[in-house]
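Tertiary structure, described
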Amino acid sequence: MEKQGLYLPEFERDNCGAGFICNLKGEKSNKIIHDALEILIKLEHRGAVSSDGKTGDGAGILIDIPHEFFVKNTTFDLPKPKEYAVGMVFLSQNENQLNFFKNCLETEIKNQGLAVLGWRKVPVNKTHLGTIAAKNEPAIEQIFIGKNRLPLTENQFNAKLFAARKIAEHAVENSKLSDRKKFYLPSLSTTTLIYKGLLIPEDIRNYYTDLSNPDLVTRLALVHQRFSTNTFPSWDLAQPFRYMCHNGEINTLRGNINRMKAREELMKSPIFGDDIKKLFPIILDGKSDSACMDMVVELLLMTDRTLPEVMMMMVPEAWEKDPAMIDEKKAFYEYNSCIMEPWDGPASIPFTDGNYIGALLDRNGLRPSRYTVTKDGNVVMSSETGVLDIKPENVVHHGRLEPGKMFLVDMNAGRIINDEEIKQKIVSEKPYRKWLNKNLLPLADIPYTGNDSPKEEIDLVARQKIFGYTIEEINTIITPMATGGKEAIGSMGNDTPLAVLSDEPQLLFNYFKQLFAQVTNPPLDGIREEIVTDFSLAIGGDRNIFDISDQQCKKLKIQNPVISNADIDKLKSFKHPDFKSVSISTLYDITKGLNGIEAALKDMVKQAYKAVSEGCNIVILSDRNVNEHYAPIPILLSCSYIGSQLSKMGQRSSFGIVIESAEPREPHHFATLFGYGASAINPYMINEIIRQQIEDEEIIGISAEKGIQNFNKAIAQGVLKIMNKIGISTLHSYRASQIFEILGLSSAFTEEYFPNTPSRIEGIGLYDIEKEIFLRHRSAFPPIKIEGTLPLNIGGDYRWRRNGERHMFNPTTVSKLQQAVRTNSYESYEVYAADINEQSKKLMTLRGMFEFNNLDPIPLEEVEPWTEIVKRFKTGAMSYGSISQEAHENLAIAMNRIGGKSNSGEGGENKNRFRKDLNGDSRNSAIKQVASGRFGVSTNYLTNAKEIQIKMAQGAKPGEGGQLPADKVLPWIAECRSSTPYVGLISPPPHHDIYSIEDLAQLIFDLKNANREARINVKLVSKVGVGTIAAGVAKAKADVILISGYDGGTGASPLTSLRHAGLPWELGIAEAQQTLVLNNLRNRVVLECDGQLKTGRDVAIACLLGAEEFGFATAPLVASGCIMMRKCHLNTCPVGIATQDPELRKNFKGTPEHVINFMYFVAKELRKIMASLGFRTINEMVGQSQKINVNKAIEHAKAKGLDLSPILYQPKTHKPLHNTESQNHELENVLDFDILRMGHPAIYRKEKMFLEFPIKNTDRTVGAIVSNELSKIYGDNGLPEDTLNLKFKGSAGQSFGAFATKGLTMQVDGNTNDYLGKSLSGAKLIIKKPDEATFASDENIIVGNVSLYGATNGEAYINGIAGERFCVRNSGAIAVVEGVGDHGCEYMTGGKVVVLGKTGRNFAAGMSGGIAYVYDEKQKFRNGLCNMEMVAFDPIFEADEKELKQLIKNHFKYTNSDLAYRILDDWENSFSNFVKVMPTEYKKALMRLEMENNIKTATV
Amino acid sequence: MGKVTGFKEFERKDETYISVKERILHYKEFTVPLKTDEVEKQGSRCMDCGIPFCQSACPLGNLIPDFNDMVHEKKWKNALEILHSTNNFPEFTGRLCPAPCEQACVLGIVNPPITIENLEKNIVEKGFENGWIVAHPPTARTGKKVAVVGSGPAGLAAAQQLNRAGHLVTVFERDDALGGLLRYGIPNFKLEKEIIDRRIAILEEEGIEFKTNIHVGVNYPVEKLDEFHAVVLCGGATLSRELPAKGAEIKGIVQAMTFLKQQNKRNAGIDIETEEIFATDKNVIVIGGGDTGSDCIGTSNRHGAKSVTNFEIMPKPPVNRCETTPWPFWPLKLKTSTSHEEGCDRNWLISTKEFIADEKGNLKALKTVQIEWVIKPGERPVLREIEGTEKIWPCELVLLAMGFTGPETTLSEQLGLKTDFRSNYQASETEFQTNVPHIFTAGDMRRGQSLIVWAISEGREAAKKVDEYLMGYSNLPTKGKGDLIGV
């Protein structure tokens, strides 16, 4: 699909199910194909289907070339296997074009000296195609290519095939034929063959009739199905690709593509000779991330690297901070990091070249990959376990792929090679360490020889003015970083204008918005999971990627590329044969204005080109020495321009850019510079400011050096956080990745200076940018110095000030709104609304630029009454904890009275609020939020919801987690959150059960099971591509999709995060509406909008752009008395709203009437607008964007260049524009209904019962519906212990035991997939190795990843190893397990965990509560596997010992565990091997609670 | 910024006064300053609000949270720099401002507000004490000449700002001393005149030329103003309101300004050429319940009046803020000044009907009637006398303190300037330019009788406009938008 409106095709995303099966004994069979396809069918819930109900997002299978089959089924003679290649070719259905494509391919094959043996039409059965797939169906043929009697090795033959295909592809692409995009070769190989298409898994073999032919046999099969976020998939993007398939997302793609392009400049290879230039570009345009990756894998295989080596190079494990890794391996990774940046992002990558088949998991381990080896020689690997029926007694081993690890099968040797062995072989092939020692130079090792920088002639204050510094910025942004090494925290949302609408001169950085991960990939937690992050960079020229020699590592290594003035001096003065730097000034002649800046930019490029041609490999861009005549070009502009221009000139790969600038000061500024290619940044003015601050005693107690170091560290952490928001772990791959959207710059400008960065609504260009520089520059050089003025502007971005940036909530609007709601005065409301709405003169928002159009007035009485309208109104998600009980309940009562909905936020809710009050009011929040911390999420909580909201991101800080400090977790807060009082609570950045779209679909399914009557709402934050995400979420069966603006509020966030991530809702809601309508998905979902909605006009615009429900947060708070202190994070809210201080809470004066008055006023204003436009109901109004046009009367100079027409675009369609039907959640086949039926006596009469069921991986979320029914009857009490005993045999699907409540005992004899016991609410779970199985339980995986996530209560006994992130955010469950993967007990806040076997790395990261006992026989755990930041190893007291022993006894009783038996049998000895992991904060809290209890009892 | 929990830890503490018994014996200021560390504590009560309503309510746009923080941090010099950046004369506003900022202080919603005004006074007095406030003549001159007519707070502020921009400024004052109402309107016990003198000395040193005893349009022909490139009229709104009651011509009925000015001159040791008026041993009735009335009460008590009675035609306002004037707006509430505390009988809803003379034609008594206000929605309230409430009040001196009706017309007539419907000189609130392009006007002359803080604000803002008019641009500061609107 083409770009239209706000939809940009490049933001399509996909996630998937994948797997392979192979026979170690080399036995070929047709059954393998069917088994492999069976895997896909069993993973179907991980895929998605379009609105036609038939077209999948694509699926396929890779197999051995079936030689015998082809011998039988071709009309020409075939040489021996491997002596010929087979290509699967997609062609045009149009005969002329088809012939042209075939000719192109044949010509190039002949040019390579090879022979075309013949073509075979691939038989297909079209009856199974969906309409969308049929429309794009290619003609499919197979080509057979021989060596033409040339004496070629396998590699040489492959290289020729590669070259022929590449050149033919380029030839077709250049032909301009209408079907050129259809020409595609899924595979061309001497070993493997791929059948794929826009099909659902069942239909692959129906469509490709070959696959059902018993003659078609293979030793291996790799399968894949795609779940893309939207429904514009194409045949060629179905997977597998030629060497791999990929379940995940490459976040760094743009940077990887740019860097690959730059590398082409230097590529040389004897095998291709002159042909090499014809292969470029290596990465074709417009392909998916996986396709791009595959193309690079292919190329690297031509460089004499093996497939496993290539995979290690592109997706390295987290080696940087691993003390346990052997040096040889570290050296390999470090060496290769000089050649290739990681292709970073969550990824599970099955790969094969026909000889090896294997899979690799990214460093974070964010995708599940389970495998089973059977006694009859099969290896089955897939995203889930249990996808094939394998008898327990046939199992040799159940394993999982671990983060950063590889799993490989050598098909020819018929054996599995483990990670260590493969990698050991690869890393010892070359003397990498020796090479590094010789050539890689750490910057820290270069001696400092004194200051060489030219002295500044102009005083600091004048220069600060030129670079736009304010007093506020210095005091609230810079000083805290210099003092504490951390960013300052703030609260509430951003209500200042977008950069392009601001009257204040803006830094160029402010036009760039950070992209962030939501739904399709997870943000990372760079703080708790620091071991996977890396912030170092290497600078210097690149070399030919075909070379594997010591030359590659002639680079300069910088540990923190935010460097001091001394470091930049080193770079300038350092003499070394391998490194040569040049300093280029980025100043321009201010008197020459626009021409001056353009000329200077061109000149900079010339200088850089010349220097680089002469061998410079470090280009320093410097804005030092500004003066009255010379002003600085925005450093970001210079940086991007040099990079993109030199890339065009074919010189980008031979140098690194270093920035020496006074401009950057916030993490965002640094992030953009790195994002556009900088390799090191010296913020020299910050160094000066910190020195000055120390001299003026504004900063005391530290030296200037320390202050600068602190600042640089804080920036590094800030940038890391920005990287983590989009899911990138290393700066190396973030560099040049351009992960931003531009808001408010013209396309002419961006195409020239920031190519490939999306900018959708136009805006200002270089002329206006220069004007802003001019204004700042002029203010620095007044003809007469005016006495009695402050040296710098006071500021006003973070707090309102006259003369500062404008804020929508200002003295007038706050006071008028409060007056209006308190005195029930619509007149006062009108003053308030007018101030916010009348923006033609003081434009602050995009909606301010709109005016209503095509009026068609009707009488006001005909418009639906306000009482109907307010049912669509909601208040925002604000947790009890972030705001006081009084404020929280006030909102709930108000919204319940008018039939709207309030939102619990992420803090749970006290169960006494679920019942109505005596006066008829209800304090129960209609919407219950489920966020990443899962605080208070239990079956009872969910049962009492009308709507359940999954918070994927928060407008104020998308991609970031949150934190409730320990002293705010008062006993009554802790109760609602099911946590321990006085123990700090951390919400992780990602939901640990949503790493991809199919995971979200799973959580939606889980929650729908937990409460079938509640609507499931998915909250997204506006950003480019949110439309495609919304389409994916609609396909994942959300009932409501909320698009939040970037400017929403927060209780606490780093100040600078509030401003630079996310977009206004106008863009998001419009993009979502357009994309959903284009996909015919709009009717299935309700679209909601929030983010600084303040007036009826705001609501009207949101509605016309596509929203049908509306959320308000800040405004109802202001109506309740909030005066925008922006001190929510300090617990000092003087009006009793954002505080838990009992004294301050008394100050709360809000009433439900205040909130109701506000909602009434908004509805009243809205109704007037509806009447004037001619709409009787909201439903009529949704999406009617023709009623808006862009206000011609805009006075704002900068706003004139904006083009908002894409926001108003309406797809040409007759499909519904609003919600008309509900989603089909397909709950009817859920196992729970059988349990409900059969378990009636237990459920309704509390009779003890034992039931047995078979279970398979497609039986998902077992136990949730039963628990929901129990909660309806018994609240959170459930049933008495062990009332309903359920036994299952087989492999349980995902979320087994999710939300399971008290009285349920659920046992699985077999194994389970991910999310076992998610939000466990009191049940007992027993996962037991089948009796027939012969393997050892403590060496085999039995449950998947993220088990017991957010569990609040209950027990789990697990007779085997659990995957990664066991017991994340557990707050009350007790678990015994025989081994866990990485990040065990992360963020745990309560409960007890006993690990009887091995643990992975980073155990107990962020663990603030609960206790873990780890059986550490080999002392590995206590020596490096535990993250000691928040915990200590405590002695095990007698009471502990008793409890521990009891738990192990229980484990033995329930699972018959051999291991438990052995431990108990020799308790005296084994006891001494236990380590008790005790969070320090928890210990303190327990002591405090005990003391408080003592006081209580004493006073009683 | 600030001490996060300061407002919870410390209570509001303002300066106190020496006892009434002692203070009415003299005309000096009678406040008892707080200790420095107490003032610093008071600074720490500031909550550093996300929206500082105080700054919005302050007509000068004082950067209140910013200087509060500096006080808390004991960085007095920085505090002074911040304070001076918006306010030329904090020593006046720090003493005399009714402090709308404190009424808008967010802490005021739940607790007594920050002592903003007192902090201001402390900051500026520390500045003088430590010699931090010195003249800063401009680094260069533009060659443009500007005349400022009137040396009240508006004129002085305009003059200092214009001088800072490098223009040559001449200030004309018709009285014998500088300061306008500050000098002769406000009693010494509220503002000692040395406070004005020390500031004028600095202004002179900065290069401003002051000419006293020059009454433009009277003893100085307006044509002579032509030698200036621009003129700023800051003549105030000096026409006092008369009381049109029977017997108003009787001797002993005096305008407050006449009475107060005499005492101020007497304090300054200047001969009084007209007949001297004393309240000593008299029954004094002050008509008008505003600040001027209050000043008359204080002065009468210092004269040694037998009794002091105060009339106000409006109803007695509530003691606390009422619903019709919610926070952060200026509240209508009962104000009891230090002069009231010194002794007087206050009466509300009272109207004077007639003055009664004794046989010598001297005032002997006056007659009043109680009134009520009839309020109909959408109409202006109407005054109605209540029958049978007439009362005779014996008195020998009546001081009329009923406010000012507007500026004098001397200049407007001679310069051909338009006036508005309230007889103020016509110029917009943002431009300050009259219908004669090079003539600007500011302060009470433009906006009618108002506060000192407004006068300074107008002087500053007008100066920027004059500078723009003269140079085509201006680097002079402005308070920016954001004035708190009305109820």
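Here the structure is a predicted model, which is why all the values come from computation and not from measurement. (Residues numbered from 1 in each chain as written. Chains lettered and ligands numbered in written order. Predicted model: local features only at pLDDT ≥ 70, side-chain atom pairs only at ≥ 80, totals over all residues. Heavy atoms only, no water.)

What follows covers the overall build of chain A. Assigned secondary structure in chain A consists of 47 helices and 54 strands. For a compact globule of 1500 residues, the expected C-alpha radius of gyration is about 35 Å, and chain A comes in at 32 Å, within 12% of that figure. A separation of at least 24 residues holds for 74% of the contacts in chain A among residues at least 6 apart in sequence. Taken as a whole, chain A presents about 47300 Å² of accessible surface, with 50% of it coming from carbon and sulfur. (Helix = DSSP H or I, 4+ residues; strand = E, 2+ residues; numbered from the N terminus. Rg over C-alpha atoms; globule rule 2.2 N^0.38 Å. Contact = heavy atoms within 4.5 Å. Areas by Shrake-Rupley, 256 points an atom, 1.4 Å probe, with all protein chains shown as cover.)

Let us now look at the interface of chain A and chain B. Interfaces are often sized by the amount of accessible area the parts lose when they come together. Each partner contributes residues to the interface: chain A has 40 residues there, and chain B has 53 residues. Of the roughly 3900 Å² buried between chain A and chain B on both sides combined, carbon and sulfur atoms contribute 62%. The largest per-residue losses of area from chain A upon contact with chain B belong to Ile 784, Glu 787 and Arg 802 of chain A, which jointly make up 19% of the total buried on that side. Counting the contacts that link chain A with chain B gives six salt bridges. The shortest N-O distance in the salt bridge between Arg 801 of chain A and Asp 66 of chain B comes to 2.9 Å. Summed over the shared surface of chain A and chain B, the number is 18 residue pairs in polar contact (both at pLDDT 80 or more). A per-element tally of the side of chain A that touches chain B places helix H24 (residues 811-823) of chain A first, with seven residues. Residues belonging to the side of chain A that touches chain B are distributed by class as follows: 19 nonpolar, 10 polar and 11 charged. (Buried area = accessible area lost by both parts, 1.4 Å probe. Salt bridge = Lys/Arg side-chain N within 4 Å of Asp/Glu carboxyl O. Polar contact = N/O pair within 3.5 Å; in protein donor to acceptor, adjacent residues only side chain to side chain. Nonpolar A, V, L, I, M, F, W, Y, C, P; charged D, E, K, R; others polar.)

Attention shifts here to unusual backbone geometry. Residue and element names in this part refer to chain A. Note that the residue after Gln 239, namely Pro 240, is joined by a cis bond; omega there is 5°. Along the chain, the position of Pro 240 falls in the loop between strand E8 (220-228) and strand E9 (247-248). Between Phe 280 and Pro 281 the backbone carries a cis peptide bond, its omega angle lying at -5°. Among the structural elements, Pro 281 can be located in the loop between helix H7 (253-264) and helix H8 (289-301). Look at Arg 1369: it is not a glycine, yet its phi comes out positive at around 55°. Relative to the assigned elements, Arg 1369 resides in the loop between strand E49 (1361-1362) and strand E50 (1371-1377). Look at Gln 1419: it is not a glycine, yet its phi comes out positive at around 60°. Relative to the elements of secondary structure, Gln 1419 occurs in the loop between strand E52 (1409-1415) and helix H43 (1421-1425).

Before going further, it helps to spend a moment on the sheet that holds strand E22 (residues 581-585) of chain A. All names here are of chain A. Taken together, four strands build an open sheet; the order of strands is E22-E24-E26-E27 and the sheet is parallel. At either end of the open sheet lies a strand with only one pairing partner, and these are E22 and strand E27 (678-682). Shown here is a sheet whose adjacent strand axes are inclined to one another by a mean of 25°, direction ignored. In terms of strand pairing, E22 meets strand E24 (residues 618-622) through five bridges, oriented parallel. Bridge pairing links Ile 584 to Leu 621 in E24. Helix-sheet contacts for helix H18 (residues 667-675) involve strand E26 (656-660) and E27, and the interaxial angle to E27 is about 145°. (Pairing = 2+ DSSP bridges. Axes fitted to C-alpha atoms, helices over the stretch in contact; angles between N-to-C directions.)

Since the α-helix packs 3.6 residues into each turn, any two residues three or four apart lie on the same face. Residues and elements named next belong to chain A. With 12 residues, helix H25 (residues 826-837) extends 15 Å from end C-alpha to end C-alpha; this agrees with the ideal 16 Å at 1.5 Å per step. Tyr 826, Ser 828, Tyr 829, Tyr 832, Ala 833, Ile 836 and Asn 837 are the residues of H25 that are buried. Within H25, the buried residues cover an arc of 165° as seen down the axis, which keeps them to one side. Buried residues along H25 sit against H24, helix H34 (1096-1105), helix H35 (1114-1119) and helix H37 (1152-1173). (Expected span 1.5 Å × (residues − 1). Buried < 20%, exposed > 50% of the residue type's maximum accessible area, 1.4 Å probe, protein only. Arc of directions from axis to C-beta.)

With that settled, the discussion passes to H8 of chain A. Here H8 of chain A is 13 residues long and its end C-alpha atoms lie 18 Å apart, about the 18 Å a rise of 1.5 Å per residue gives. Most of H8 of chain A is tucked away, with 13 of its 13 residues classed as buried.

We now examine the packing of aromatic side chains. Two descriptors summarise a pair of aromatic rings, namely the distance from one centre to the other and the angle between the planes of the rings. Residue and element names in this part refer to chain A. Overall, the coordinates contain 57 aromatic pairs over all chains when judged by the stated rule. Measuring from centroid to centroid gives 6.1 Å for Phe 535 and Phe 674, while their planes differ by 85°, and the two rings are edge-to-face. Here the residue Phe 535 occupies a position in the loop between strand E19 (512-514) and strand E20 (537-539), and Phe 674 occupies one in helix H18, the gap between them amounting to 139 residues. Grouped by ring-pair contacts, the aromatic residues Phe 512, Tyr 641, Tyr 676, Phe 740, Phe 749, Tyr 753 and Phe 754 constitute a single cluster. The ring of Trp 119 is capped by Lys 102, whose NZ or CZ atom sits 4.6 Å from the centre of that ring. Over the ring of Phe 1005 we find Arg 1260, and its NZ or CZ is 4.2 Å from the ring centre. (Phe/Tyr/Trp six-rings, centres within 6.5 Å; stacked < 30°, edge-to-face > 60°. Lys NZ or Arg CZ within 6 Å of the ring centre and 35° of its normal.)

Once that is clear, we can look at the confidence of the model for chain B. Summing up the model confidence of chain B, the mean pLDDT is 96 and the portion of residues at 70 or higher is 100%. Listed scores for the predicted complex are pTM 0.94 and ipTM 0.95. (pLDDT = per-residue confidence, 0-100.)

Residues and elements named next belong to chain A. One way to put it is that helix H9 (residues 307-314) packs onto helix H11 (residues 419-427) with a least axis distance of 10 Å and a crossing angle of 90°. Considering their axes alone, H9 and H11 lie roughly perpendicular with respect to each other. Each of Pro 308, Glu 309 and Met 312 in H9 lies in contact with H11, whose residues at this interface are Ile 422, Lys 423, Ile 426 and Val 427. Here the contact of H9 with H11 is composed, by residue class, of five nonpolar, no polar and two charged. (Parallel < 35°, antiparallel > 145°, perpendicular 65-115°, else oblique.)

Further remarks concern the domain arrangement of chain B. Residue and element names in this part refer to chain B. Looking at chain B, the domain boundaries give domain 1 (6-129), domain 2 (145-238 + 405-471) and domain 3 (242-402). Distance between the C-alpha centres of domain 2 and domain 3: 30 Å. On the side of domain 3, 12 residues touch domain 2, which itself brings 12 residues to the contact. Of the roughly 1000 Å² buried between domain 2 and domain 3 on both sides combined, carbon and sulfur atoms contribute 52%. Salt-bridge contacts for Lys 261 lead to Asp 175; the nearest nitrogen and oxygen are separated by 3.2 Å. Inspection of the region where domain 2 meets domain 3 yields four residue pairs in polar contact (both at pLDDT 80 or more). (Domains from an automatic or database assignment.)

Let us look at the pattern of salt bridges. Side-chain pairing between opposite charges can occur once the charged atoms of the two side chains come close. This structure, assessed with the given rule, holds 139 salt bridges over all chains. Between Glu 1109 of chain A and Lys 874 of chain A there is a salt bridge, with its nearest N and O atoms 2.8 Å apart. With a gap of 235 residues between them, Glu 1109 of chain A in strand E41 (residues 1109-1112) and Lys 874 of chain A in strand E31 (residues 873-877) connect regions that are remote in the sequence. The exposure classification of Glu 1109 of chain A matches that of Lys 874 of chain A, with both residues buried. Between Glu 342 of chain B and Arg 302 of chain B there is a salt bridge, with the nearest N and O atoms lying 2.7 Å from each other. One end of the pair, Glu 342 of chain B, is in the loop between helix H15 (338-341) and strand E11 (345-348); the other, Arg 302 of chain B, is in helix H14 (residues 291-303), and 40 residues separate them in sequence.

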